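Coordinate inspection notes
Listed below, chain by chain, are the residues.
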Amino acid sequence: MVRFTVLASGSKGNSTVVSGGRTRILIDAGLSCRELFRRMKLAGEDPATLDAIVITHEHQDHVNGLAVTARKLGIPVYFTEATHRAWMRWLTPRRQMTYAQWVELCRKQAAERQAELDSPESESADCAGDPEEAEADEQLQTAATPDAEDPAPAPVSAGPPSLKEDPTWLPAVEYFQSGQPFSIGDIGLSPFTIPHDAADPVGFVCTVERVRLGFATDLGYIPPNVMQQLQNLDLLLLESNHDLEMLRDGPYPWSVKQRVLSRVGHLSNDATAEFLSSAYDGQAAYIILAHLSENNNLPELARVAAERALMGRASLLANRLLLAEQHQPLSPISF
Ligand SMILES: [Zn+2]
Ligand SMILES: [Zn+2]
């Protein structure tokens, strides 16, 4: 069975579980580890069964709980190389280390971890019961402030460095490239480039047991390559970030409004509706509107714009339109 569970979507955190066959992955880890685990349990997903975390881009609302969650579960994180580097820069703004030196350090640490694999510890997948991790989670969220201390060098032989010593340490890192499909267990992923103001942002089409799940948020507009990717899907999760009038009349400073509206910002309800009414093939059984702004949008505005766009398309009558939420998980969607 294939299951798709949006744990959170919006500027305060994004995270989705894709599971199928014997594999379970988290796309983005934008909530604290504690909150991610709480929501997974609410949605009937066991955090301990996650196999990997896949990151779309390095913005805070997509990576907030990343290091703590990956460490806690001892699972690999998949990034593009540019996104990984940008994430590390974000966490260690004053680190005096070249990229080549860092890669060398990672190699050494990987060799040490390999040696330790002979005696694996069984880790509890419960953030709530671990005050040190909870504290570390908070430290991570403030690590990018100018007052953050330079991390001390990692100890050579005493296991993984603590978050304080090296907030960028992960149990394992795997690189993928946009345009190059790869697999994690039973789940196939096709990453594609999206226009957004991050180092190397991507959307995904996940293929699990022949079910195709399309995933695109955080994009300023929908270029032809993305339109091509978002066809022939069983489920489409697509950004519907803001209502243009609410954004224009809303509280954001002009520079922020300009950024959101730009070609590397976020999709408006109108832009999403335009795609749904024209270029979209209408195949998906589920359409999930996602990354709705809490300040510049209303769920009903996003819903009505999408419904109007889909209206009159007979093939879409049986489809379901859902709205992803910021503060609670959506019910899991099964195929
Ligand atoms: Zn975002
Ligand atoms: Zn973003």
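This part takes up the overall build of the protein. When you go through the protein residue by residue, the secondary structure sums to 11 helices and 14 strands. Residues classed as buried in the protein amount to 44% of the 335 residues present. Pairs at least 24 apart in sequence give 71% of the contacts found in the protein among residues at least 6 apart.

On to unusual backbone geometry. The phi dihedral of Arg210 is positive, around 70°, even though this residue is not glycine. You can see Arg210 is positioned in the loop between strand S9 (202–208) and strand S10 (211–216). Phi is positive for Asp218, which is not a glycine, with a value near 60°. Assignment of secondary structure puts Asp218 in the loop between S10 and helix H7 (224–229).

Take the sheet that holds strand S14 (residues 333–334) next. The sheet built from 7 strands is open, its strands ordered S6-S5-S4-S3-S2-S1-S14 with mixed pairing. The open sheet has two edge strands, strand S6 (173–175) and S14, and neither has a second partner. Here 2 bridges tie strand S1 (residues 3–8) to S14, and the two strands are oriented antiparallel to one another. When the bridges of S14 are listed, Phe4 appears paired with Ile333. Across the sheet, helix H1 (residues 33–42) touches S1 and strand S2 (15–20), and the angle it forms with S1 is around 135°.

Attention now goes to the environment of Leu244. Along the chain, the position of Leu244 falls in helix H8 (residues 244–249). By C-beta crowding, Leu244 is classed as partly exposed, having 14 other C-beta atoms within 10 Å. Taking C-alpha positions, Leu244 is 9.7 Å from Ala271, a pair spaced 27 residues apart along the chain. If we ignore the near neighbours within four places in the chain, the residues touching Leu244 are Ser268 and Asp270.

A few words now on the confidence of the model for the protein. Chain-level statistics for the protein give a pLDDT mean of 87 and a share of 82% at 70 or above. When the criterion is pLDDT under 50, residues 120–124 qualifies, and its contacts beyond four places in sequence or with other chains add up to 3 contacts. Below a pLDDT of 50 lies the segment residues 128–152, which in the model reaches 37 contacts outside its immediate sequence neighbourhood of four places, other chains included.

Ordered in space as S7-S8-S9-S10-S11-S12-S13, the 7 strands form an open sheet in which the pairing is mixed. Both edges of this open sheet fall to strand S7 (182–184) and strand S13 (320–323), since each of them pairs with a single strand only. On average, each strand axis in the sheet is tilted by 20° relative to the strand beside it, whichever way the strands run. In this structure, strand S11 (residues 235–239) lies alongside strand S12 (residues 286–290), joined through 5 bridges in parallel fashion. Bridge pairing in S12 places Leu235 opposite Tyr286. Across the sheet, helix H11 (residues 299–310) is in contact with S12 and S13; its angle to S13 comes to roughly 155°.

Time to look at the nonpolar core. Membership of the largest hydrophobic core comes to 78 residues, with the highest contact counts inside it found for Val18, Ile25, Ile53 and Cys206. A domain-level breakdown of this core finds at least three residues from each of domain 1 (3–174) and domain 2 (178–334).

Calculation rules
Residues numbered from 1 in each chain as written. Chains lettered and ligands numbered in written order. Predicted model: local features only at pLDDT ≥ 70, side-chain atom pairs only at ≥ 80, totals over all residues. Helix = DSSP H or I, 4+ residues; strand = E, 2+ residues; numbered from the N terminus. Buried ≥ 20, exposed ≤ 12 C-beta atoms within 10 Å, placed from the backbone. Contact = placed C-beta atoms within 7 Å. Pairing = 2+ DSSP bridges. Axes fitted to C-alpha atoms, helices over the stretch in contact; angles between N-to-C directions. pLDDT = per-residue confidence, 0-100. Core = buried A, V, L, I, M, F, W, Y, C linked by C-beta atoms within 7 Å. Domains from an automatic or database assignment.

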